[in-house]
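Residue-level structure breakdown
The lines below spell out each chain.
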Amino acid sequence: PQTIQRADYQPLSWTVDTVDLHFALDAGATVVTNRMRCVRNPDAAPGPIRLWGEAMERLELTVDGAQPVALRETGALLEIDAAGESVMVEVRTRVDPRANTTLSGLYLSSGGFFTQCEAEGFRRITWFPDRPDVMARYTVTLEADREACPVLLSNGNLVGQGELPNGRHYAKWEDPFPKPSYLFALVAARLVALERKVRTLSGREVLLQVWVEEGNLDRCEHAMEALVNSMRWDEETFGLELDLDRFMIVAVADFNMGAMENKGLNIFNTKFVLAKPDTATDVDYENVESVVAHEYFHNWTGNRVTCRDWFQLTLKEGLTVFRDQQFSADMLARAAGPEGAASARAVKRIDDVRVLRAAQFPEDGGPMAHPIRPDSYQEINNFYTATVYEKGAEVIRMLHTLLGQEGFRNGMDLYFSYFDGQAVTCDDFVEVMSEANNGFDLDQFMRWYSQAGTPRVKASGTWNAADGCYALTLSQHTPATPGQPDKLPLVIPVAVGLIGPDGRDLPLRLEGETQAGATTRVLKLTEEAQVFRFIGLAAEPVPSLLRGFSAPVILELDEDDARLAFRMAHDADPFNRWDAAQRYAERVVLAMAGGASAGLPQAFVNAFRALLADTRLDPAFRAQALALPAEPYLLERMSPADPGALRTALIAVMGALGRELAGDWLRVVDGMQVSGPYRYHPGDAGKRALVNLALRYLCAGGQPSGLALAEARFAAATNMTERFGALAALVQSSSPARGAALLAFHARYRNDALVLDKWFALQAGAWRWEEGGEPALDRVRVLLSDPAFSLANPNKVYALLGTYFRANPGEFHLADGSGYAFWADQVIALDARNPQVAARMARALENWRHYAPALQARIRPQLERVLASPGLSPDVAEIVGKALQ
Ligand code: HT7
Ligand code: ZN
């Protein structure tokens, strides 16, 4: 496959300023007429008009009404020589939405028409300079059968509609804002809308709509609420207002990713719109809120100011993830009230860091490691990664930390004032941040955009009792990644606190300062190694480093068990308190997996019990602190990774914690009643999370009383969070009742696609709790033929295969290699219909060299089999090819 280099960027010789699209929609043969005014780009070298196109039939192409004099076609690229300053290019194509199984371009879902154009789907609809630096104004006319598709939507404002002969009708839409082609969208389907009218900050009335299939109208309220809250938050926090008269969200069941920020017409995976208490968990509610916010925030960070090229993807994604994280933290803090706000924010931060550690750290340590702004790619769809999104958000967060809230806001204001309506680069963004902050030097900071790999920050302290000085040495090192053998030092903000022997934070005074100040300070690590001397201390402190996870690094700090237990009990920074518990748990689990210890250390059990019993702590925080680190993260920390040994250790640790703390867990379940009907509220959600965790441990412990409690709670549950929590606890146990519970759950929700996804995922993720238990692979094979399963629906694939390959390593990495052979079969089968989804599944084995040699020997032939498979897509070829390099 061809590799595209960031350094090769050239502006196009011709761009487009207006596009007039006409769609004669038909399931098997849609005719698209595209009239675009192509204009010469004064900033580019002279050259032909360049148009990209694929997967369609070209019926006609004219330039200013005549056949083009010179036209060259190479693969997906068409080059047309043209004279003058502007020409009208008209191209008519025929596409087949029914045959489009890629879910990119124009496709069908439940009989309706939908589009997905990011990153390069528009070229599957019409020939076009399909790059984000071509921003044009669009007028769109949709024509379809009225009975099958009563609703016709596109970007912007509805400017006309009417009847046509033969039972057809049309609608005409005009988008007043220039946009890149990846933000184009249309929907033609049988849908209904929940509507709300709201006023923007400046007093304009706007119409908000959430469009869904008729039976789902009772599941849209939460998404609408989230949209209204997002609008308010962006007005209050960044002074950014909705710029359209109408903003639409449409839910579709077949969708490759979470959602898409098309201008004024967001298209969402149903999973991130639909929620009602009987079918959605607290986590689902939380996800709906944050995805709605994320897409809404793109209206400014992504749409009004977009990316010059796809290498700049983090410009919009990292920034927008940061914005949605801040929004969610603010929403949680507001709901928790002044008393609970700090803990609520910490819980959100913990959630975000868990995702980063479980998904991004392994990516950064494997063959797909890339900087947040990559230097090259073969298939851009493979670069919608945890690095671009989550590490990208961490980089923005560090800017926010370095510049402060006000400095960051000033930078954002300047960014929009300079670049509104343009397609720009990450350098542009960082430069305005500097300019808005008196030339704040961000030159070295830019290395975060160009260096891959997770930096290691090593910390060590020396205490000098004679002069009351604690000298903290911080050093940094970023390991080599593919193509980047040598790394330079980064700017790393390290938030530090020092804890006194009584467990209280000490006021901090650095050498050279006249008096002590705050109890948390942000140190700027910019060299390979630096020493920071804290003075005026009466006794040796315990350092609490990287508070709030102030930088996306791995902190290497030698702390003995007693120190970890001390910080678990006393660290004033809730994030670090959680982190101390995670580090301790990681140490205990990995020691067991490595055969270094057979039982749980009593000190660990005591530290856990103390956290569990501390009723002053928010239940949501306790649920986080008492959950073991994610399995993929632990695997990453093992060398070589041995998924079987890790699983055995996890089962042992969970079981032992369940048994040893049984009385405490039972008390938690008893004492955590949530009264009244279900409402999505962080206070209630925290209690439910802690109860569900207690059930998990009790069931893992295998005692009859615990199993009976989970059964009873499953039967009596009044909402999905409780029902699914109890079911998950039963499934992750040796309970004889788990089969019956799964059947009952299925019977209740057999017609509900989203809930069935949970049912599939639960079984694919099941551990083996007893000798002779059913291997997850056997179950997954059976479920592949379940009538509700379909390889055509990404949600189903992610639920069943994605969970098995990525979230159940103990069952996937079978010693006989049968899991890998199954993986190869599925990746090949999926690739033939949907390369994006196949590539995501393919990534499950990219870090194969990290595994024990016996497993590597089983994996390699399967990777080779996939790579050699005829007609393999560039998407999968890139993943597997890089893995094998
Ligand atoms: N910007 C959107 C990305 C997206 C996407 C990318 C490739 C293929 C399909 C896709 N669907 C959505 C989503 C977002 O980050 O907001
Ligand atoms: Zn996004």
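Residues numbered from 1 in each chain as written. Chains lettered and ligands numbered in written order. Predicted model: local features only at pLDDT ≥ 70, side-chain atom pairs only at ≥ 80, totals over all residues.

The name recorded for the chain in an unreviewed UniProt entry is Aminopeptidase N, from Thauera mechernichensis. Under the Sequence similarities (unreviewed entry) heading, UniProt states for the chain: "Belongs to the peptidase M1 family." Regarding the chain, the relevant UniProt record gives this comment under Cofactor (unreviewed entry): "Zn(2+)". (UniProt positions renumbered as here; feature names shortened; annotations may be inferred.)

**Looking at the overall build of the chain**
The secondary structure content of the chain amounts to 25 helices and 30 strands. Computed over C-alpha atoms, the radius of gyration of the chain comes to 28 Å, within 12% of the 29 Å expected from 2.2 N^0.38 for 885 residues, which places it in the range of a compact globule. For the chain, the residues scored as buried account for 51% of the 885 residues in total. In the chain, once contacts between residues fewer than 6 apart in sequence are set aside, the share between residues at least 24 apart is 71%. (Helix = DSSP H or I, 4+ residues; strand = E, 2+ residues; numbered from the N terminus. Rg over C-alpha atoms; globule rule 2.2 N^0.38 Å. Buried ≥ 20, exposed ≤ 12 C-beta atoms within 10 Å, placed from the backbone. Contact = placed C-beta atoms within 7 Å.)

**Examining the site of ligand 1**
In the vicinity of ligand 1 lie 15 residues, with E118, N256, M257, M260 and Y384 positioned nearest. Those elements that place two or more of their residues in the shell around ligand 1 are strand 19 (259-260) and helix 2 (282-297). Residue composition of the shell around ligand 1, grouped by class: 5 nonpolar, 6 polar and 4 charged. Domain assignment of the residues forming the shell around ligand 1 places at least three in each of domain 1 (4-190) and domain 2 (307-449). (Near = placed C-beta within 6 Å. Nonpolar A, V, L, I, M, F, W, Y, C, P; charged D, E, K, R; others polar. Domains from an automatic or database assignment.)

**A few points about the domain arrangement of the chain**
The domain architecture assigned to the chain consists of domain 1 (4-190), domain 2 (307-449) and domain 3 (456-551). The gap between the C-alpha centroids of domain 2 and domain 3 is 24 Å. Contacts between the two partners involve 11 residues from domain 2 and, on the opposite side, 12 residues from domain 3. If one sorts the elements of the side of domain 2 that touches domain 3 by residue count, helix 4 (residues 386-419) sits on top with 3 residues. Grouping the amino acids of the side of domain 2 that touches domain 3 by side-chain chemistry returns 7 nonpolar, 2 polar and 2 charged.

**Details of the sheet that holds strand 19**
The pairing of strands in a sheet comes from backbone hydrogen bonds and takes either a parallel or an antiparallel form. What the 5 strands build is an open sheet, ordered 16-17-18-20-19; its pairing is mixed. Edge positions in the sheet fall to strand 16 (192-199) and strand 19, since each has one partner strand and no second. Alignment of strand 18 (residues 246-252) against strand 20 (residues 265-269), held across 5 bridges, turns out to be parallel. Across the sheet, M248 pairs through a bridge with L265, a residue of strand 20. (Pairing = 2+ DSSP bridges.)

**What about the UniProt feature "domain: Peptidase M1 alanyl aminopeptidase Ig-like fold" (unreviewed entry) in the chain?**
Per the UniProt record, "domain: Peptidase M1 alanyl aminopeptidase Ig-like fold" (unreviewed entry) is annotated on residues 453-556. With 0% helix and 42% strand, residues 453-556 has its two end C-alpha atoms placed 15 Å apart.

**As for the UniProt feature "domain: Peptidase M1 membrane alanine aminopeptidase" (unreviewed entry) in the chain**
Under the local residue numbering, the UniProt record ascribes the feature "domain: Peptidase M1 membrane alanine aminopeptidase" (unreviewed entry) to residues 223-448. With 58% helix and 9% strand, residues 223-448 has its two end C-alpha atoms placed 35 Å apart.

**With respect to the pairing of strand 17 (residues 205-212)**
For strand 16 and strand 17, the ladder comprises 8 bridges, and the chain directions are antiparallel. From the neighbouring strand, R196 faces strand 17, where its bridge partner is L208. Count of turn residues in the strand 16/strand 17 antiparallel hairpin: 5 residues, of which G203 carries a positive phi of about 95°. In this sheet, strand 18 lies alongside strand 17 in parallel orientation, the contact comprising 5 bridges. When the sheet's bridge partners are listed, L207 is paired in strand 18 with R246.

**A closer look at the sheet that holds strand 27 (residues 521-525)**
Pairing is antiparallel across the open sheet formed by 3 strands, whose spatial order is 27-26-29. Looking at strand neighbours, the two that pair on one side only are strand 27 and strand 29 (542-545), the edges of this open sheet. In this sheet, neighbouring strand axes are inclined to one another by 35° on average, regardless of whether the strands run parallel or antiparallel. (Axes fitted to C-alpha atoms, helices over the stretch in contact; angles between N-to-C directions.)

**Quick look at the confidence of the model for the chain**
The predicted model of the chain averages 98 in pLDDT, with 100% of residues at 70 or higher. We note a pTM of 0.99 for the whole complex and an ipTM of 0.98 for its interfaces. (pLDDT = per-residue confidence, 0-100.)

**Digging into the environment of D560**
Locating D560 in the fold gives a position in the loop between strand 30 (554-557) and helix 7 (561-570). D560 gets classed as exposed once you count the C-beta atoms within 10 Å, which come to 9. For the pair D560 and Y584, spaced 24 residues apart in the sequence, the C-alpha separation amounts to 9.1 Å.

**A word on unusual backbone geometry**
Each neighbour pair has its own omega, and for E118 with A119 the value is 0°, a cis peptide bond. Note that A119 resides in the loop between strand 10 (112-116) and strand 11 (137-145). Omega for the peptide link from S639 to P640 comes to -5°, which places this bond in the cis form. Structurally, P640 is set in the loop between helix 11 (631-637) and helix 12 (643-660).

**Side note on helix 7**
Residues of helix 7 that are buried include every one of L564, A565, R567 and M568, and no others. Taken around the axis of helix 7, the buried residues stretch over an arc of 165°, which confines them to a single face. (Arc of directions from axis to C-beta.)

**Considerations on helix 9 (residues 602-613)**
Taking 1.5 Å of rise per residue, 12 residues should cover 16 Å, and helix 9 covers 16 Å from first to last C-alpha, within 8% of that figure. Of all the positions in helix 9, only F604, A607, F608, L611 and L612 are classed as buried. For helix 9, the angular spread of the buried residues around the axis is 135°, confining them to a single face. Away from the buried face of helix 9 by more than 90 degrees, exposed residues Q602 and A610 are located. Tucked inside the fold, the buried residues of helix 9 contact helix 7, helix 8 (574-593), helix 10 (619-626), helix 12 and helix 13 (662-671). (Expected span 1.5 Å × (residues − 1).)

**Observations regarding the nonpolar core**
One recurring pattern in soluble globular proteins is that nonpolar side chains are buried together. With 268 residues, the main nonpolar core has V187, V250 and V273 as its most contacted residues. At 19 residues, the largest contribution of residues to this core is made by helix 3 (residues 313-364). Those residues in contact with V273 that lie beyond four places of it in its chain are V210, V212, C220, A223, I249, A251, F268 and V288. (Core = buried A, V, L, I, M, F, W, Y, C linked by C-beta atoms within 7 Å.)

**Brief notes about the packing of helix 3 against helix 8**
Packed helix pairs are specified by the crossing angle of their axes together with the interaxial distance, meaning the distance between the axes. Remark: helix 3 packs on helix 8, axes separated minimally by 9 Å, with the N-to-C direction vectors making an angle of 50°. In terms of orientation, helix 3 lies oblique with respect to helix 8. Helix 8 is crossed by helix 3, and the crossing has right-handed handedness. Listed contacts from helix 8 to A342, S343, A346, R349 and I350 of helix 3 are P574, F575 and W578. For the contact of helix 3 with helix 8, the per-class residue count stands at 6 nonpolar, 1 polar and 1 charged. (Parallel < 35°, antiparallel > 145°, perpendicular 65-115°, else oblique. Left-handed = near helix turned anticlockwise from the far one by under 90°.)

**Looking at the environment of M446**
Position of M446 relative to the elements: it lies in the loop between helix 5 (426-435) and helix 6 (447-450). Judged by the 18 C-beta atoms lying within 10 Å of it, M446 is partly exposed.

**Side note on the packing of helix 13 against helix 14 (residues 682-701)**
Here helix 13 crosses helix 14 at 145°, and the two axes come no closer than 9 Å. Judged by the sense of rotation from one axis to the other, the crossing of helix 13 with helix 14 is left-handed. Along its contact with helix 13, which presents A662, W665, V668 and V669, the element helix 14 presents L690, V691, A694, L695, Y697, L698 and G701.

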